[in-house]
Amino acid sequence: MSELFPVFLKLQGRRVLVAGAGAVAAGRVRQLVRARARVTVISPGVNGQLARLAGARRVKLVRRKLRRSDLDSDWFAVFRATDDPAVQKMVAQAARRRRMLLNVADQPQWCNFYMPALVRRGDLTIAIGTGGGGESWTIHLGMGDGNYSNIQVKDASGIREGDVVQVDANGNITRIR
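All of these numbers come straight from a predicted model, not from anything done at the bench. (Residues numbered from 1 in each chain as written. Predicted model: local features only at pLDDT ≥ 70, side-chain atom pairs only at ≥ 80, totals over all residues. Heavy atoms only, no water.)

### Side note on the overall build of the chain
Argument step 1. Within the chain one finds 3 helices and 11 strands.
Argument step 2. Across the 177 residues of the chain, 34% fall into the buried class.
Argument step 3. Summed over all atoms, the accessible surface of the chain reaches about 11,300 Å², with 46% contributed by carbon and sulfur. (Helix = DSSP H or I, 4+ residues; strand = E, 2+ residues; numbered from the N terminus. Buried < 20%, exposed > 50% of the residue type's maximum accessible area, 1.4 Å probe, protein only. Areas by Shrake-Rupley, 256 points an atom, 1.4 Å probe, with all protein chains shown as cover.)

### A word on the side chain of S43
Argument step 1. With respect to the element layout, S43 can be found in the loop between β2 (38–42) and α2 (48–55).
Argument step 2. Judged by its relative accessible area of 8%, S43 falls in the buried class.
Argument step 3. A polar contact of 2.7 Å, which involves the side chain of S43, links it to the backbone oxygen of G45.
Argument step 4. Residues within four places of S43 in sequence aside, it is in contact with G20, A21, V62, R63 and R64. (Polar contact = N/O pair within 3.5 Å; in protein donor to acceptor, adjacent residues only side chain to side chain. Contact = heavy atoms within 4.5 Å.)

### Quick look at the pattern of salt bridges
Argument step 1. Following the criterion strictly, the structure yields 1 salt bridge and no others.
Argument step 2. For R64, the salt bridge is made with D70, and the minimal N-O distance between the two is 2.8 Å. (Salt bridge = Lys/Arg side-chain N within 4 Å of Asp/Glu carboxyl O.)

### Some details on the nonpolar core
Argument step 1. Among the nonpolar cores identified, the biggest contains 21 residues, and V18, V29, L32 and V39 are the most heavily contacted of them.
Argument step 2. For this core, the secondary-structure elements that each account for two or more residues are β1 (15–19), α1 (23–34), β2, α2 and β4 (77–80).
Argument step 3. In terms of residues, this core owes the most to one element, α1, which gives 5 residues.
Argument step 4. When residues no more than four places from it in sequence are discounted, the contact partners of V39 are V16, V18, V29, L32, V33, V59 and K60. (Core = buried A, V, L, I, M, F, W, Y, C linked by side-chain atoms within 4.5 Å.)

### Describing unusual backbone geometry
Argument step 1. Notably, R36 is not glycine yet its phi reads approximately 65 degrees, a positive angle.
Argument step 2. Here R36 lies in the loop between α1 and β2.
Argument step 3. Even without being a glycine, R57 presents a positive backbone phi close to 60 degrees.
Argument step 4. Here R57 lies in the loop between α2 and β3 (60–62).
Argument step 5. Judged by relative accessible area, R57 falls into the exposed class, the value being 78%.

### Brief notes about the packing of aromatic side chains
Argument step 1. In the structure shown here, the tally under the stated rule is 1 aromatic pair.
Argument step 2. A centroid spacing of 5.6 Å and a plane angle of 85 degrees characterise the contact between F79 and F113, whose relative ring orientation is edge-to-face. Residue F79 is located in strand β4, and its partner F113 is located in the loop between β5 (101–104) and β6 (117–121); the two are separated by 34 residues in the primary sequence.
Argument step 3. Under the relative-accessibility criterion, F79 is labelled buried at 5%.
Argument step 4. For F113, a relative accessible area of 18% puts it in the buried group.
Argument step 5. Above the face of the F76 ring, R14 is positioned so that its terminal group lies 4.2 Å from the ring centre.
Argument step 6. Seen from the ring of W75, R15 lies directly overhead, with NZ or CZ sitting 4.1 Å from the centre. (Phe/Tyr/Trp six-rings, centres within 6.5 Å; stacked < 30°, edge-to-face > 60°. Lys NZ or Arg CZ within 6 Å of the ring centre and 35° of its normal.)

And the structure:
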């Protein structure tokens, strides 16, 4: 895989489409709302958390299946969080053609960016990425202030349970002990 470029996006006011309305989609929507993106969720079904966000006018909810024509709009990014491979392929092709950012949950081959594991403390955000692949594991992260967070990440070659690691400004992980 080619080297990835880590970046934090300013999404405030940008139009973002989320296709799907399960637990994964809800997590993505929470992060997008926090970033003040203009979020539209398209799904025939919806979970309670997304319904509450729509009721509070934090997201626009369209209760139906995604249509090819939905991708003709001027979306900055598209998040696909569903189990339908045919729709994933359709979304990936349309996003590639229109040069949109695309993340398809659990399908890295369709993505042109990946969602990192996050730890937030005030203005500090730590993002850990694994290139979209590998086995899941958990990092127990100490923040130096007596608070700890567990974050779920995927494979980081050479790092084992119990290792102490250092993450540099470029996102490189170094095993300390």
